[in-house]
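# Summary of structural features
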Amino acid sequence: MKIKYSIICFVILLFTYTTTAEERKAGRLFPPEKIHILEEHREWQDTEEIMARLKINIGDVVADIGAGSGYFTIPLARRVGTEGLVYAEDIQKGMVDFISKKVEKLEMKNIRTVLGIIEDPTLPDNSLNIAFVANTYHELERPLLLLENIKNDLRLNGKLVIIDWDPAKKSPFGPPKEVRVPEDIVIKEVQEIGLYLLEKHNFMPYHYFLIFKKK
Ligand SMILES: C[S@@+](CC[C@H](N)C(=O)[O-])C[C@H]1O[C@@H](n2cnc3c(N)ncnc32)[C@H](O)[C@@H]1O
């Protein structure tokens, strides 16, 4: 009886251990030396369609979290206009330096590059209208801690946007299936930190696109 009880406890513990967000095996960080891949045009991820669905206003403050090469930073900055601001944040210096050079070349004054840390984008509290996290969620090592900090950075009614590789959709490239995070898990994790699901957009062949709101 005792042995049976111990086995049950062990199985429960093991199940809990393997299913917590913080213990999930994160995908490897996209290597800065392959940054040119992030700069290639993506037919499968229509930037203009994404921008339109974000309903960005002139003057908004947006954070591109896990900005990589800044593929989305520039179109986001065009949408917020000169009165707005885009933070291009990443935890890899190679990525941040690349964006800084690009921004300097384009002479865009409404973009600030930020070198964040794994669990915190290190942005001002209550400052963001939109936190935009594209193709990055599956790389997060401490998703819940990062989400908590993003929540603090959002203004009331601010939106968190998550676009990521859907393990339920077959794709000829992208991160391995084992590291992709299913849409329902992302929704559960974001709801755990107290944001609610506002919209789901299903127009991309390989990705889900979720918009959450801070109450
Ligand atoms: C695959 S790239 C995507 C870049 C960009 N969002 C895009 O769609 O082109 C993922 C980026 O997320 C960054 N990243 C991973 N974990 C992060 C974290 N906890 N906070 C901020 N950035 C992170 C990586 O350094 C990498 O540059």
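See above for the structure.
Here we summarise the structure given alongside this text. (Residues numbered from 1 in each chain as written. Predicted model: local features only at pLDDT ≥ 70, side-chain atom pairs only at ≥ 80, totals over all residues. Heavy atoms only, no water.)

### Observations regarding the overall build of the chain
For clarity, the threshold we go by: Starting at the N terminus, helices and strands are each numbered in turn, a helix being any DSSP run of H or I of at least four residues and a strand any DSSP run of E of at least two. Radius of gyration here uses only the C-alpha atoms, and the compact-globule reference equals 2.2 Å multiplied by the residue count raised to the power 0.38. Remark: exposure states derive from per-residue accessible area (1.4 Å probe, protein chains only) relative to the maximum for the residue type, with buried under 20%, exposed over 50%, and partly exposed in between. The contact criterion used throughout is that any non-hydrogen atoms of two residues lie within 4.5 Å. Per-residue and other accessible areas follow the Shrake-Rupley method at a 1.4 Å probe size, with only the shown protein chains counted as cover for residues.
Broken down by element type, the chain carries seven helices and seven strands. Its helices and strands taken in sequence order, the chain reads α-α-α-β-α-β-α-β-β-α-β-α-β-β from the N to the C terminus. The globule rule puts the C-alpha radius of gyration for 215 residues at 17 Å, and the 18 Å found for the chain is close to it. Across its three principal directions, the C-alpha atoms of the chain cover 70 × 40 × 30 Å. Relative to its full complement of 215 residues, the chain shows a buried share of 49%. Restricting the contact set of the chain to residue pairs at least 6 apart, pairs at least 24 apart contribute 75%. When the accessible surface of the chain is totalled, it reaches about 11,600 Å², and 57% of it is carbon and sulfur.

### Brief notes about unusual backbone geometry
Within the chain, Lys55 stands out as a residue other than glycine whose phi angle is a positive 50°. The topology assignment puts Lys55 in the loop between helix 3 (47-54) and strand 1 (61-65). Phi is positive for Glu107, close to 50°, though the residue is something other than glycine. For Glu107, the position within the fold is in the loop between helix 5 (93-106) and strand 3 (111-115).

### Looking at the packing of aromatic side chains
Quick reminder of the rule: Side-chain rings of Phe, Tyr and Trp, where Trp is taken by its six-membered ring, are said to pair if the distance between their centres is within 6.5 Å; with planes under 30 degrees apart they count as stacked, over 60 as edge-to-face, and otherwise as tilted.
Counting across every chain of the model gives nine aromatic pairs. Ring centres of Trp44 and Trp165 lie 5.3 Å apart, and the angle between their planes is 40°; on these two criteria the pair is classed as tilted. You can see Trp44 sitting in the loop between helix 2 (35-39) and helix 3 and its partner Trp165 sitting in strand 5 (residues 154-165), a full 121 residues away along the chain. Residues Tyr71 and Phe72 carry aromatic rings whose centres are separated by 5.2 Å and whose planes lie at 90° to one another, so their mutual orientation is edge-to-face. One aromatic cluster is present, formed by Trp44, Trp165, Phe173 and Tyr206 through successive ring pairs.

### A word on helix 4 (residues 73-80)
With respect to burial, helix 4 is a largely interior element, six of its eight residues being buried. Along helix 4, the residues classified as buried are Thr73, Ile74, Pro75, Leu76, Ala77 and Val80. The secondary structure elements touched by the buried residues of helix 4 are helix 3, strand 1, strand 2 (85-90), helix 5, strand 3 and strand 4 (128-134).

### Here we look at the site of the ligand
Condition: Being near a molecule or strand, for a residue, comes down to having at least one heavy atom within 4 Å of it. Definition of a polar contact: a pair of N or O atoms within 3.5 Å, with one able to donate and the other able to accept a hydrogen when the atoms are protein atoms, and with sequence-neighbouring residues admitted only if both atoms are side-chain atoms. Three categories are distinguished: nonpolar for Ala, Val, Leu, Ile, Met, Phe, Trp, Tyr, Cys and Pro, charged for Asp, Glu, Lys and Arg, and polar for the others, with Gly belonging to the last.
Around the ligand lies a shell of 19 residues, among which Arg42, Gly66, Asp90, Gln92 and Asn135 are the nearest. A distance of 2.8 Å separates an oxygen atom of the ligand from a polar side-chain atom of Gln92. One nitrogen or oxygen atom from the side chain of Asn135 is found 2.7 Å from an oxygen atom belonging to the ligand. Residue classes in the shell around the ligand are distributed as 10 nonpolar, five polar and four charged.

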